[in-house]
Each structure stands twice: as C-alpha cells, then as structure tokens.
Amino acid sequence: MGKPTGFIEYLRELPADRPPAARIADWKEFHLHLSEAALRKQGARCMDCGTPFCHTGVLLSGMASGCPIHNLIPEWNDLIYRGLWKEALERLHKTNNFPEFTGRVCPAPCEGSCVLGINAPPVTIKNIECTIIDRGWDEGWVTADLPKQRTGKKVAVVGSGPAGLCAAAQLNKAGHTVTVFERADRPGGLLMYGIPNMKLDKEQVVMRRIRQLEAEGIRFVCNTNVGGNYPAEKLLKEFDAVVLATGATKPRDLPVEGRNLKGVHFAMEFLTANTKIILDGKKNGNFISAADKDVIVIGGGDTGTDCVGTAMRHGCKSLVQVEILPKPPMERAADNPWPEWPKVYRLDYGQDEAAAKFGADPRVYLTTATKFEGDANGQVTAIHTVQVKWEKNDKGQFIPKNVPGTEKILPAQLVLLAMGFLGPEQPLLDALKLERDPRTNVKAEFEKYSTNLKGVFACGDCRRGQSLVVWAFNEGRGAARECDRYLMGSTDLP
Amino acid sequence: MGTVAAGVAKAHADVVLISGYDGGTGASPLSSIKHSGIPWELGLAETHQTLVLNNLRSRIYVEADGQLKTGRDVAVAALLGAEEFGFATAPLVTLGCLMMRVCHLNTCPVGVATQDPQLRKFFTGSPDHVVNFMRFIATELREIMAKLGFRTINEMIGRTDKLAPRKAIEHWKAKGLDFTSILQRPDVWPEVIRYRQIDQDHGIEKSLDVTRLLDICEPAIERGERVHADLPIRNIHRVVGTITGSEVTKKWGPNGLPEDTIHLKFTGSAGQSFGAFIPKGMTLELEGDANDYLGKGLSGGKIIVYPPAGSTFVAGENIIIGNVAFYGATSGEAFVCGMAGERFGVRNSGVNAVVEAIGDHGCEYMTGGRVIVLGRTGRNFAAGMSGGIAYVLDEAGDFPAHCNQEMVGLEKLKDADEIEMIWKLIQRHQAYTKSDRAAKVLADWRQLVPKFVKVMPKDYQRVLESMKKVKEQGLSGDEAIMAAFEENVRDVARVGGG
C-alpha cells in the first residue's frame, strides 16, 4: 500500500467527460483521462484492505459483488501510486485479457464492493484500469506474444464476443491453433455491434485488439454462420474441440397491440445498423434513423441507455425512456447493504445527454407500454402507457399490476425495445443436439463448461444467460482452461 | 504445554489461557498471522489432560481462544477441556470491524482501532450488537448441549468421548491422522475433579503488607502522618508495598500523599514486584537487591535501591535488580545504584529513573518519562520507543551500536535547562544511594556532559515541536493536544505511517 492515509486525504475524482452538447455531435468516445498526478492520488486512495472484497466476484442477491475475473486491484492501485505503469499493466493482464473493454463498459462491481465504499465514495478502480491499458497501448507495451510451442490441436470458437475472444486468446496462449467463427462481417460480437462507438471505439479499441490477436496467430472467419452457411457437423469433424460463445441474442418482445407497426424495433436492430454505417461510411438498407422523431425507448438498462445516446446523436425531436421498475434510491437501501451491488440512481451518459438537450432525465419509472398506435400506412404514431405497481402474487413473486386512471398517450415515430434477452438462438444448438437448461441456455456446469457433447464447451451468455462483459471474460477464460485440460490432460491456464 | 500449565497451577495461577494460532491482532505482520503457532485444540487437550492427571485441574480455570466464532466452537473447546472462552474477532466484526489489519496505523476506516476523530465518526457499532451475537452463540451452544444431553458446561468439560473425528474429509493431508492422543481421557480415580471448583490460596494474608506494613503505615493511611520503619526483607516477600499503596489510594485518591510521607527501608533481598503500583507519598528504600518486576506499574511512588553496606563489588557492573523493572510505570521516581537486568523501563510512560547500567532491550516500547543510564546498555536499546527521553552516558563511545535506531534519533546535550535537570537527578541519585559512580560523574561533570547521548524518539520530537508551536498560537489543554495531533497525523514521515 503506497499511502496508508491516502483515503483520508484525497477525494474520489473521475476525469471529466466531454460536455454533452459537444459529444452528441459526433460518435467519438466521451471519457477523458486524468492527469498522471491526479490518477496517482486516486491509486493512493486504495486501502490495501486486510480483507479485500473488490476482487471476489461472487453473486450476492443475484448481482455480482467484486470482480468476476478477480483482478488484482489493490496491487495495481499501489503500482499506479508508485508510478510503476508497466508493472501495473503486467499485473492487470494476468487476470484480464482485454482491460480496455472492461475499463470502458464494465459497470464495475469491484467499486460496488470496495471496502472504502462502506462509508465513503469507493476507489475509481474502473478508471484506473482503463488508464493503465490505454497507456500500455500508447507506449507500445501491448505486443503480439506468440506461444513458444504449438500443440498441433485445432480449436474452433463460435462467436467472437467477449467470451469467445477471451477463450480464443487463452487457448492460443496454450499453443492451440484457434479459429474464431463470426456470422457478422466484423469480429467482436456485442463489443462490435452491440455497444455504440462513443462508449467503445470500434476502430481504435476493438479492432486494435483483434489485430493483435491475429498477429498472435488466431484466425478470424467472418460472415460465417455456424449451423447456417457452415454446417455444424463439419465443425465437429474439422476441430479437436469446440468452444461455443454465441451469446444470448434472442431479445425479449413486447407482444401488445400494434407491435408489428413500422417504427417499432428491437434495440439491437437499431444499434447494429447504426454502428455499421459509421464503420462502412455509407448508408445501408437496415439503417434506422431517429432524426426529428419522437423516440420512445422501452427498457431502463444499459442497452436502453445506448439507444438513448444513439438517438440523441441522430438528432431526435423528443425522447422518453420507459422503465417498469421504480426509481432507485439515491443511496443504498437498507435491504441492499455493502458489499452487494449498489442499486442506486445513476445518471448514465445517454440520460445525461438527453437532460442537457431536453432539460430533464428522460426516464419515466413504474411505467409500461400497453399499445402502439399507427396511421394508415402502418407507421407507429403513438404509444399508450400505464403506470404499474409491484404486488406479490400467491406464489410470493412480485409482479407488475396496471394502475387504472394512469393511462397516457405519448407521440412516437420510433419505438425501441430494450427489455433484455431471453437466451441463445436455438438452431445451432438443435443441430448439435446439445442439452439445454430450463431457460433454454446450453446446459454446462459453471467452472466446468463441458456440454453433453464430448469436446464441446459452452461459455458466456449462451450458457449463463444475458450478463456482464466481465462474466463473459470469466467464462471464456474458464472454458479455455477446461478445453485445454480436455485436449492435453492437464492445464496451466488460470 | 501441559508442563507449563501444571507449573503455573502449582504456582497459584487462577487461569491458564490456551490461545490458538488462528487469532491475533490485525497489527501483526502477515507472516506471523499466517505462519506461527498451532491450533488451540492441540494445546487445550494436552493442558487439560495433564492438569487432570496431576489432580490440579480443580484449582485452575482453563480458557481457550483463537477465532472462536460459533456455538459449536465453544462446545468443542468445552469437550476438550476448557470452561472459559475468549472471543475477539467475531464481536469486533459485529461492531463494524472489517479486518483491515491496520490496527497499528491509526487509519482504521470504520473507526474501530483509531485515535483519529475524523475516522472515529465512522464507528457504527453498539454494545447491543455484541449482545445479540453472543445470544446466537449461546443458542447454538444450548442446541448442541441438548443433543448431547448436557445440562451445564461443567458437565461437558473434558468429555472427549462425545467428540469423533469426521471420517469423510477429502484432503490428502487428512490421511493417516491419528487423533487418539487428543481425544484421550486420562485414566484417574473418579474422585479427581475435572473442572475448576477450588479457590487458589494466594497467601495474601501471609504477605508482608498484611502482616506488618498496614499496621506500621496506619497513621499515614488514616491521618496523613509521616511514618518511617526499618524492616528486613526476603525474596519470599512478593509485591511488597502494593496493598499498602492501594489503601493509600483508596483513602487519599489519585493525588496520594506528600512526598516521603511513608518511608520504608528494607534490608535484604526483595522478592518479585517490589514496590509494584505504589502511589505518590510512598518511598521504598532497599539496601540489598531485588528480583524481577521492581516498581512494576509504579504510580507516583519513589524507589531507591543500593548495595548492602560493606559490599566489595563495583555496583555499576553487577546486577542488583532483576528483569523488566518499572514495566508500564506511569509516574514516580527511581534511583538504582547498580546494574539492572533486561527490559529496563519497558512501556514506561512517565517515571524518571536513574540507573548505572542495564541489560538488553532497555526502554523498549517506552512512551514517556526520563531514563538516565550512567553506564553501559545491552543491545537493542529503545526498540519501539515512541516517547519519553533516555540519556546514556557513553564513555566507551559504542552506544550507537547497541541502540535500535528505527524509531529514535541520537543527539548531544545542548540545552542548559536540560543539562541542569540531568545534573539534579544525578545529584539526588548520589544523595539517596551514596553511589560512587554518581559522585565521580558529578565530579567530572564538565568533561562528561559531551559524552551523554540523548535518545530522542522521532515521533515524540515532532509532536513536542508541534505542541510548542500550537501553544505559541494560544491553544492550551486538550485543544493544543488535538491540534498537534492533527498536524502530524497525515505526515507520511510518521514512523507508523511509513
């Protein structure tokens, strides 16, 4: 621990974001960096706890508490305080293959469980992580690190999202020859087409890492849909082992009247097409514009926020984000104690931008849509909403009940459904005859990852259901370890 | 362990504590926390068995501690032979402790182990939390007792027949472990008592204080009249003066009596803890020598020791008082004409003492007071010394090699007031003890002043300077102390703060 009294002396400080009015004019990232001196002070705030929680990565009340990939947080905080950047980067890479992704998009359960957070603002772990790796790239410390020996074993990774990339990187490290299949035209999965560019820059951040992985010997095969234009059986024949990381891409629908009207889209259709346009530099047929429209985003999660941010950049006329849950408290509620994930009110970047332009946080709480209204052309014009209250049913589960008299009609020319995901798409899993769990996810035990098919492993959202990028990292690394053990009889992968 | 326990039971100890390796203060180095000691179960079993075999268990409580956290832990400890149980970590956690292991750094972020008022504000504990925790412990223990058919803890003690090792532990290290010696019950006559039922006889009625001193000192204790007595002393007389001192304090309060109101002169060889805890107004003069713990916890009294008249040895080269003299003493004066054993003045927080030479580890953990050594010290002088000042007359010039300078700095005497203070103390030492050494030092004073080494704790000096500064700013009392504290608490140069 660099400075025992750091947490008493220094206040939590994050770098300023670019001002909302300026950043909604482009698609560039909006986080800035702190000066080195200021960041060292933030590192000094770490208490090097005798009993730390930031690295634990356990589920408490269903939410992650502490880092699921067990980042050695107190160690690199201390190294940053001492100014030992390269050592900090090495320590960070020990547990995290791609800190530049988690440093940008992770909700940071580490900070939620930071011991300092029990009575003060926690250490800025996520920002420190991001700065370490960004500096590493800038200094040229992140280079292709080829395995010393090849095992001659061939492994296919299906899906190039965070779980697939981690599995591929780890398997390659172990010396296996790895091929990653991706059905989209670019690798990265949700990192590429799910998360918008302003949160995670595609060319400068995602592709930079993909190029490094390619230089290390991983082959990316895009535009290839395993189970579609590439037969699943071929996969089993050509490779010694297969790691499935196809994600949980089946979106939750809202089957109410008018759902089929034009202008009602799933969030991913909207976000994917948008990112593609930015990358291709030309319009495509799938592009959905929010410009000059009254936009309704249904769903208050991260994807909803990304829809808000994207619509803001399109220049929408108005924006309402509908959330079915109540507004969270400003501070932890009594039933949500440290070190649980703090369920508190947060103003994320999208809402911040909407507030800057339209004057208020665009979210309405305890509200659900009951009907979409359209015009003669079948284009949506308005949505009907109603407030709900959460009541226990006879099984003791909380369910939303509509409150009569609270109905409202909001104008809408674009409705985006960001209500989460139900599980993996089934055709490939059917083709491979893989067992499923009751939630339609691939059946494979956590930490084991083996499916009912010998040599086929499943990890990430297709196994655990929709979750955080960092859980995908955890599972990708774990599946690589188990796959290596299967191929070689033992493994040195962590 | 059993041997030690039997020994202390014979020596009239009331309790023997078996403290397991899992526990310990959060201030310990990680290496000690992880790698020292053994489980309490081993020590407890051996202790109980040995005490029962030697029919000593009836006279002594056996306590166990070391990460006891559940009613089951208590039940196991009772069945292995304990009737008292120590808890620390778990109750602390109920009070908000986060096991930060910074108890020694003053940076406890939840205000449990810190003097920093800013951090103490974060303390959220309440005694009720501990009470509640203990209720759970008691409830679980009662459930286990009910299952085993016990009505009282006393019935459970040493009933290892109710313990069985778990068979299904899957660990390669658990293979082949033999628990029979832990679970053995000593084969003794049924009359042998297996838990503590008989009071130890501490022989207080036979002590010198009760048999002689209280009567002699009665005029002083009752009416504040001066008393003087000459008495012989033997080393079977332990803690001489302590009960008398306690009576003085009961009657006259913390300020005691005027200096030398009670003046007792002893001739002979004093037993352990001579003059322990004696208050202001009591002077114990000893012509002869003293065992360990002389003046332990001295609380204002005065102790004078010198060799018997006619002795031929050089006082400053021969040990006249035992180890650990003036341990934890808080105030008072001491003049010892001769050499002291090891750990002289350990944890002294306010006594002014003059001694002619000392053994190893002198002034260890000292926090206050003044110690003057007119000759050689052993090694590791001033280890952990954070306050007070020591003055060592270093004629040989090798003292720095004997001094642990981790927390102290070595200086020369410069200040005239300070030199005069030392001169006066040595002069009194000479007057009280007729010390040849002191007489010689005083005679050669001018030549010897430069040979004194002032041992000054770095933290202490900084706080003294801060105090001086804030007093110049017009602060006083607690306000000044807090301001000086605030000034230093965030300083990284602080020894504790690395």
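Residues numbered from 1 in each chain as written. Chains lettered and ligands numbered in written order. Predicted model: local features only at pLDDT ≥ 70, side-chain atom pairs only at ≥ 80, totals over all residues. Heavy atoms only, no water.

## Structural notes on the domain arrangement of chain A
The accessible area lost on association of the parts is a frequent measure of interface size.
All names here are of chain A.
Then, in step 1: By domain assignment, chain A separates into domain 1 (6-139), domain 2 (154-249 + 422-488) and domain 3 (253-419).
Then, in step 2: Inter-centroid distance (C-alpha atoms) of domain 2 to domain 3 is 30 Å.
Then, in step 3: Contacts between domain 2 and domain 3 engage 12 residues on the former and 14 residues on the latter.
Then, in step 4: With both chains or domains summed, domain 2 and domain 3 bury close to 1100 Å², and 62% of this area falls on carbon and sulfur atoms.
Then, in step 5: For the domain 2 face of the interface with domain 3, the top three residues by lost area are Tyr193, Met198 and Lys199, together amounting to 46%.
Then, in step 6: In this structure, the connection of domain 2 to domain 3 is made through three salt bridges. (Domains from an automatic or database assignment. Contact = heavy atoms within 4.5 Å. Buried area = accessible area lost by both parts, 1.4 Å probe. Salt bridge = Lys/Arg side-chain N within 4 Å of Asp/Glu carboxyl O.)

## Some thoughts on the sheet that holds strand 10 (residues 318-322) of chain A
Each strand in a sheet pairs with its neighbour through backbone hydrogen bonds, running either in the same direction (parallel) or in the opposite one (antiparallel).
All names here are of chain A.
Then, in step 1: One open sheet holds the five strands; their spatial order is 8-16-9-10-11, and the pairing between them is parallel. The open sheet terminates on both sides in strands that have one partner only, identified here as strand 8 (264-266) and strand 11 (363-364).
Then, in step 2: In this structure, strand 10 lies alongside strand 11, joined through two bridges in parallel fashion. By the bridge assignment, valine 322 is partnered in strand 11 with valine 364.
Then, in step 3: Each of strand 8 and strand 16 (414-417) touches helix 13 (residues 267-280); the most contacted strand, strand 8, lies at about 75 degrees to it. (Pairing = 2+ DSSP bridges. Helix = DSSP H or I, 4+ residues; strand = E, 2+ residues; numbered from the N terminus. Axes fitted to C-alpha atoms, helices over the stretch in contact; angles between N-to-C directions.)

## Thoughts on the sheet that holds strand 4 (residues 177-181) of chain A
Residue and element names in this part refer to chain A.
Then, in step 1: Here five strands make up an open sheet; going across it, the order is 5-4-3-6-18 and the pairing parallel. Of all strands in the sheet, those bounded by a partner on one side alone are strand 5 (219-221) and strand 18 (456-458). When the angles between neighbouring strand axes are averaged without regard to direction, this sheet yields 20 degrees.
Then, in step 2: In the sheet, strand 3 (residues 154-158) pairs with strand 6 (residues 241-244) via four bridges, with the strands oriented parallel. What sits directly across from valine 155, in strand 6, is alanine 241.
Then, in step 3: Taken strand by strand, helix 18 (residues 469-488) contacts strand 3, strand 6 and strand 18, and its axis lies near 165 degrees from that of strand 6.

## Some remarks on the side chain of Glu29(A)
Residues and elements named next belong to chain A.
Then, in step 1: Residue placement: glutamate 29 occurs in the loop between helix 2 (20-23) and helix 3 (36-44).
Then, in step 2: A distance of 2.8 Å separates a polar side-chain atom of glutamate 29 from the backbone nitrogen of aspartate 201.
Then, in step 3: When near neighbours in sequence (up to four residues on either side) are disregarded, glutamate 29 contacts Arg18, Arg104, Asn197, Met198, Lys199, Leu200, Asp201 and Val205. (Polar contact = N/O pair within 3.5 Å; in protein donor to acceptor, adjacent residues only side chain to side chain.)

## Observations concerning the interface of chain A and chain B
Then, in step 1: Contacts between the two partners involve 15 residues from chain A and, on the opposite side, 17 residues from chain B.
Then, in step 2: Between chain A and chain B lies a buried interface of about 1300 Å² when both sides are counted; carbon and sulfur atoms form 72% of it.
Then, in step 3: Ranking the residues of chain A by area buried against chain B places Pro4(A), Ile8(A) and Asn119(A) at the top, with a combined share of 34%.
Then, in step 4: Remark: the boundary between chain A and chain B carries zero salt bridges.
Then, in step 5: Applying the counting rule to chain A against chain B returns three residue pairs in polar contact (both at pLDDT 80 or more).
Then, in step 6: Of the residues belonging to the side of chain A that touches chain B, the class tally is nine nonpolar, four polar and two charged. (Nonpolar A, V, L, I, M, F, W, Y, C, P; charged D, E, K, R; others polar.)

## Observations regarding the pairing of strand 10 (residues 349-357) of chain B
All names here are of chain B.
Then, in step 1: By the bridge criterion, five bridges tie strand 9 (residues 331-340) to strand 10 in an arrangement that is parallel. Opposite glutamate 333, over in strand 10, you have asparagine 352 as the bridge partner.
Then, in step 2: Note: strand 10 against strand 11 (residues 367-373), five bridges, orientation parallel. By the bridge assignment for strand 11, valine 355 is matched with valine 373.

## Some remarks on helix 4 (residues 73-81) of chain A
Residues and elements named next belong to chain A.
Then, in step 1: Burial runs high along helix 4: seven of the nine residues are buried.
Then, in step 2: Within helix 4 the residues assigned to the buried category are Ile73, Pro74, Trp76, Asn77, Asp78, Leu79 and Ile80.
Then, in step 3: Against helix 3, helix 5 (85-95), helix 7 (109-113) and helix 8 (125-139) lie the buried residues of helix 4.
Then, in step 4: Remark: glycine 83 follows helix 4 within two positions and exhibits a positive phi of approximately 80 degrees. (Buried < 20%, exposed > 50% of the residue type's maximum accessible area, 1.4 Å probe, protein only.)

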